[in-house]
Amino acid sequence: MYLSPCIDAIFFNRSVNLNDQILAVKNTGYKHFEFWSWWDKDLDLLERVVKEEGLIISAMCTRFISLVDKKERTHYQQGLMESIEAAKRLGVKTLISQTGNELDFSRSKQLKNLKDGLMACISILERADMMLVIEPLNITIDHPGYFLSSSDEAAELIAQINNPHIKMLFDVYHQQITEGNITRRLEQYNNYIGHIHIADNPGRKEPGTGELNYHYIFDSLKHTGYLGGLGLEFFPDHSPEEKLRFVKVNFPI
């Protein structure tokens, strides 16, 4: 289990170039980091700096194309293959996927489209030996209209697909807003979780600033045997480096 700052969140709307973002991660004591989009970044720079600094990119997103819209399936698969090629360059083994927004027809049909779309990606992921993690998001505050908000629903879907290359990204911040009962769900869905994101609530700030007891949550994850990444996906109100140091000191993993 390891902490992995998401540089697109930590440095959101800040005038810090990509090279300096990566060095800030290393200089504050982290070996892993992640980000959202790869297609707007200098992959040559990423590849070089990661190698020179001995860092690991734990996860990044695939292109934001709907999985609940059957008409977009070929487009989604093409985006996935492009993302896999970028991931191979950077040594990334985990790709994050959103599902897209809810459409104007039955939820059961959209769920079927989502499941069929993911099933159609299995052979692509198996050949690349990569894992795709689908992410439930809260629709109350941050993502109104998004299709998949429930980790319960995501876990049921992943159980039906039953393939180790497709799992869930469990975002503690989002699921605290949507469902609560965080540690119970983390334990119950341990076998279905491939990656975790963390931030405190309210405000989506660093752990230790809100209502979530992250010491208890991390102890629970250790008990379940979780060995994956804990993506720091929070938005600091000032000094990203100071906030990264705060998390590193107060939540040693």
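Residues numbered from 1 in each chain as written. Predicted model: local features only at pLDDT ≥ 70, side-chain atom pairs only at ≥ 80, totals over all residues. Heavy atoms only, no water.

**Some words on helix α11 (residues 240-250)**
Turning to α11, its buried residues are Pro-240, Lys-243, Leu-244 and Val-247. All buried residues of α11 fall inside an arc of 100° around its axis, so they share one side. Summarising the contacts, the buried residues of α11 are in contact with β1 (2-5), α1 (7-10) and β8 (229-232). (Buried < 20%, exposed > 50% of the residue type's maximum accessible area, 1.4 Å probe, protein only. Helix = DSSP H or I, 4+ residues; strand = E, 2+ residues; numbered from the N terminus. Arc of directions from axis to C-beta. Contact = heavy atoms within 4.5 Å.)

**Thoughts on the environment of Arg-63**
Within the secondary structure layout, Arg-63 lies in the loop between β3 (56-61) and α4 (73-90). For the pair Arg-63 and Thr-224, spaced 161 residues apart in sequence, the C-alpha separation works out to 31 Å. With near-sequence residues (within four places) excluded, Arg-63 lies in contact with Trp-38, Trp-39, Tyr-76, Gly-79, Glu-82 and Ser-83. For Arg-63, the side chain forms a polar contact with the side chain of Glu-82, separated by 2.7 Å. (Polar contact = N/O pair within 3.5 Å; in protein donor to acceptor, adjacent residues only side chain to side chain.)

**Comments concerning the packing of helix α5 (residues 107-119) against helix α7 (residues 151-161)**
Between α5 and α7, whose axes approach to 11 Å, the crossing angle comes to 50°. Taken together, the axes of α5 and α7 are oblique relative to one another. Our pair here, α5 against α7, has a crossing hand that is right-handed. Here Arg-107, Leu-111, Leu-114, Lys-115, Leu-118 and Met-119 of α5 lie close against α7, whose contacting residues are Glu-153, Leu-157, Gln-160 and Ile-161. When its residues are assigned to classes, the contact of α5 with α7 shows 6 nonpolar, 1 polar and 3 charged. (Axes fitted to C-alpha atoms, helices over the stretch in contact; angles between N-to-C directions. Parallel < 35°, antiparallel > 145°, perpendicular 65-115°, else oblique. Left-handed = near helix turned anticlockwise from the far one by under 90°. Nonpolar A, V, L, I, M, F, W, Y, C, P; charged D, E, K, R; others polar.)

**Observations regarding the sheet that holds strand β5 (residues 131-134)**
Pairing within the open sheet is parallel, and its 8 strands lie in the order β1-β8-β7-β6-β5-β4-β3-β2. Edge positions in the sheet fall to β1 and β2 (32-34), since each has one partner strand and no second. Strand-to-strand twist across the sheet, computed as the mean angle between neighbouring axes with direction ignored, equals 30°. (Pairing = 2+ DSSP bridges.)

**A short note on the packing of helix α2 (residues 18-27) against helix α3 (residues 43-53)**
Axis separation between α2 and α3 bottoms out at 10 Å; the angle between their running directions is 25°. Put simply, α2 runs roughly parallel to α3. For the crossing formed where α2 meets α3, the hand is right-handed. Facing Leu-18, Asn-19, Ile-22, Leu-23 and Lys-26 of α2, the residues of α3 in contact are Leu-45, Leu-46, Arg-48, Val-49 and Glu-53. For the contact of α2 with α3, the per-class residue count stands at 6 nonpolar, 1 polar and 3 charged.

**Overview of the packing of aromatic side chains**
How two aromatic rings sit relative to each other is given by the distance of their centres and the angle of their planes. As enumerated under the stated definition, the model contains 8 aromatic pairs in all. Aromatic pair Trp-38 and Trp-39: ring centres 5.6 Å apart, planes at 85°, arrangement edge-to-face. Residue classification places Trp-39 among the partly exposed residues on the basis of a relative accessible area of 30%. Between Trp-39 and Phe-64, the aromatic rings sit 5.3 Å apart at their centres with planes inclined by 80°, giving edge-to-face as the arrangement. Pair noted here: Trp-39 is in the loop between β2 and α3 and Phe-64 is in the loop between β3 and α4, with a separation of 25 residues, a long-range link. Judged by relative accessible area, Phe-64 falls into the exposed class, the value being 51%. (Phe/Tyr/Trp six-rings, centres within 6.5 Å; stacked < 30°, edge-to-face > 60°.)

**Notes on the pairing of β8**
Burial along β8 is two-sided: the face carrying Gly-229 and Gly-231 and the face carrying Leu-230 and Leu-232 are both buried. Across 4 bridges, the pairing between β1 and β8 is parallel. By the bridge assignment for β8, Tyr-2 is matched with Gly-229. Inspection of the sheet shows strand β7 (residues 193-198) paired to β8 by 3 bridges, in the parallel sense. Residue pairing across strands places Ile-196 opposite Leu-230, the latter belonging to β8. Tracing the backbone out of β7, into helix α10 (residues 214-224) and back to the parallel element β8 gives a crossover that is right-handed. (Right-handed = clockwise from strand over helix to strand, strands pointing away.)

**Comments concerning the pattern of salt bridges**
Enumeration according to the criterion identifies 18 salt bridges in this entry. When the shortest N-O distance is used, the salt bridge between Lys-41 and Asp-40 registers 3.6 Å. Each of Asp-8, Asp-40 and Lys-41 takes part in salt bridges that share partners, so that together they form one network. (Salt bridge = Lys/Arg side-chain N within 4 Å of Asp/Glu carboxyl O.)

**Re unusual backbone geometry**
The omega angle of the peptide bond from Asn-201 to Pro-202 is 0°, so this bond is cis rather than trans. Structurally, the position occupied by Pro-202 is in the loop between β7 and α10. Not every positive phi belongs to a glycine, and Arg-204 is a case in point at roughly 55°. Along the chain, Arg-204 falls in the loop between β7 and α10. You will see that Ser-239, though not glycine, has its phi angle at about 40°, which is positive. Mapped onto the secondary structure, Ser-239 falls in the loop between β8 and α11.

Functional significance is not addressed by these values, which are geometric in nature.
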